[in-house]
Amino acid sequence: MIKMLLTLKNLYVAGNGKKILNGIDFQIRHNEVQALLGPNGSGKSTLAQVILGNPKYEIIKGGIFFEEREITKLSMEKRAKLGIALSWQSPPAIKGVKLSQLLEKISKIKFESKKLDLTPRFLERELNLEFSGGEKKLSELLQILSLKPKLVIFDEIDSGLDIKKLEKVAKIIKKELVAKGISILLITHSGTILRFLKPKITNVILNGKIICKEKDYKKVLRTIRKYDYEKCKKCKLLAD
Ligand code: ADP
Ligand code: MG
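Criteria and thresholds
Residues numbered from 1 in each chain as written. Chains lettered and ligands numbered in written order. Predicted model: local features only at pLDDT ≥ 70, side-chain atom pairs only at ≥ 80, totals over all residues. Heavy atoms only, no water. Salt bridge = Lys/Arg side-chain N within 4 Å of Asp/Glu carboxyl O. Buried < 20%, exposed > 50% of the residue type's maximum accessible area, 1.4 Å probe, protein only. Patch = residues over 30% accessible without salt bridge, like charges linked within 9 Å, V, L, I, M, F, W, Y side chains within 5 Å. Areas by Shrake-Rupley, 256 points an atom, 1.4 Å probe, with all protein chains shown as cover. Lys, Arg positive; Asp, Glu negative; His and termini not counted. Charge placed at Lys NZ, Arg CZ, Asp CG, Glu CD. Helix = DSSP H or I, 4+ residues; strand = E, 2+ residues; numbered from the N terminus. Near = heavy atom within 4 Å. Polar contact = N/O pair within 3.5 Å; in protein donor to acceptor, adjacent residues only side chain to side chain. Nonpolar A, V, L, I, M, F, W, Y, C, P; charged D, E, K, R; others polar.

1. Re the pattern of salt bridges
No. 1: One pass over the full model with this rule turns up ten salt bridges.
No. 2: Note that Glu 176 and Lys 175 form a salt bridge whose closest N and O atoms lie 3.9 Å from each other.
No. 3: The exposed category is assigned to Lys 175, whose relative accessible area is 52%.
No. 4: Glu 176 is the salt-bridge partner of Lys 180, the closest N and O atoms lying 3.0 Å from each other.
No. 5: Given the relative accessible area of 52%, Lys 180 is considered exposed.
No. 6: Overlapping salt bridges, with partners in common, bring together Lys 175, Glu 176 and Lys 180 in one network.

2. Let's talk about a positive patch on the surface
No. 1: A surface patch of positive charge is lined by Lys 171, Lys 174, Arg 195, Lys 198, Lys 218, Arg 222 and Arg 225.
No. 2: Within the residue set of the positive patch, elements represented by two or more residues are helix H6 (163-176) and helix H8 (217-227).
No. 3: Here Arg 222 lies in helix H8.
No. 4: For Arg 222, a relative accessible area of 53% translates into the label exposed.

3. Things to note about unusual backbone geometry
No. 1: Positive phi outside glycine occurs at Asn 31, with the angle close to 55 degrees.
No. 2: Note that Asn 31 resides in the loop between strand S2 (18-29) and strand S3 (33-37).
No. 3: A positive phi angle is found at Asp 228, which is not glycine, with a value near 75 degrees.
No. 4: Relative to the helices and strands, Asp 228 resides in the segment after H8.

4. Quick notes on the site of ligand 1
No. 1: Close contacts around ligand 1 come from 14 residues, with Lys 18, Gly 41, Lys 44, Ser 45 and Thr 46 the closest.
No. 2: Here an oxygen atom of ligand 1 and a backbone polar atom of Gly 41 are 2.7 Å apart.
No. 3: Burial of ligand 1 by the protein chains amounts to 71% of its free accessible area of 550 Å².
No. 4: Top element by residues in the shell around ligand 1 is helix H1 (residues 44-52). It accounts for three residues.
No. 5: Split into classes, the residues belonging to the shell around ligand 1 amount to three nonpolar, eight polar and three charged.

Structural data, given as structure tokens:
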């Protein structure tokens, strides 16, 4: 079995000519949960988009490897087919398309609302139209489950959710993804989700660079709450 699922090597990225990522080194294995923590504007969503292959971003230097194959220049569609999925921070609403229709198109199997403890009515609503924050996250999660991915990136799945809703989402992630060996990158600036899905490594990003890789996520959360992100610069890097 291939050990490394995704590798980012010395990645420099710009958006509209502005440098956003400044030398990112990152690796995640099969069957592994990792976290990426950083303040607003540090480059978290950009990193997620670059892994997904969003052409809006220009790769200035470095490479992206999936199961040890270089995918730096591969289209978003091809990457999705390889098994990379992203839950968007702000998914768009699509009028006229029911969630159930979209899910069936992706997976070609009828979606069982019962299995996931959902009301059938929810699946019959138009995509993200007047969805609450929690419903949007749930809808993103269902789309991801339909894709049968190998790696799922959750971009701020914990923002705007109360603890109860977050717990429900985390339970589905645990049962349907983590238990099946699917790797997960949890992107968060609040860190709330980490309590439910205990990452093996917590990466801290500041100004487009990963400045810390730490095994104890609680330590990272404590440090940030007490001293802010600047203190993380003093952490010992695990992997480099
Ligand atoms: P985060 O998700 O950590 O809050 P982002 O990755 O969204 O951060 O953004 C990092 C920085 O890059 C911000 O200053 C943001 O304004 C800028 N940025 C993001 N996308 C683009 C883009 N397409 N063009 C120009 N600047 C961008
Ligand atoms: Mg973001």
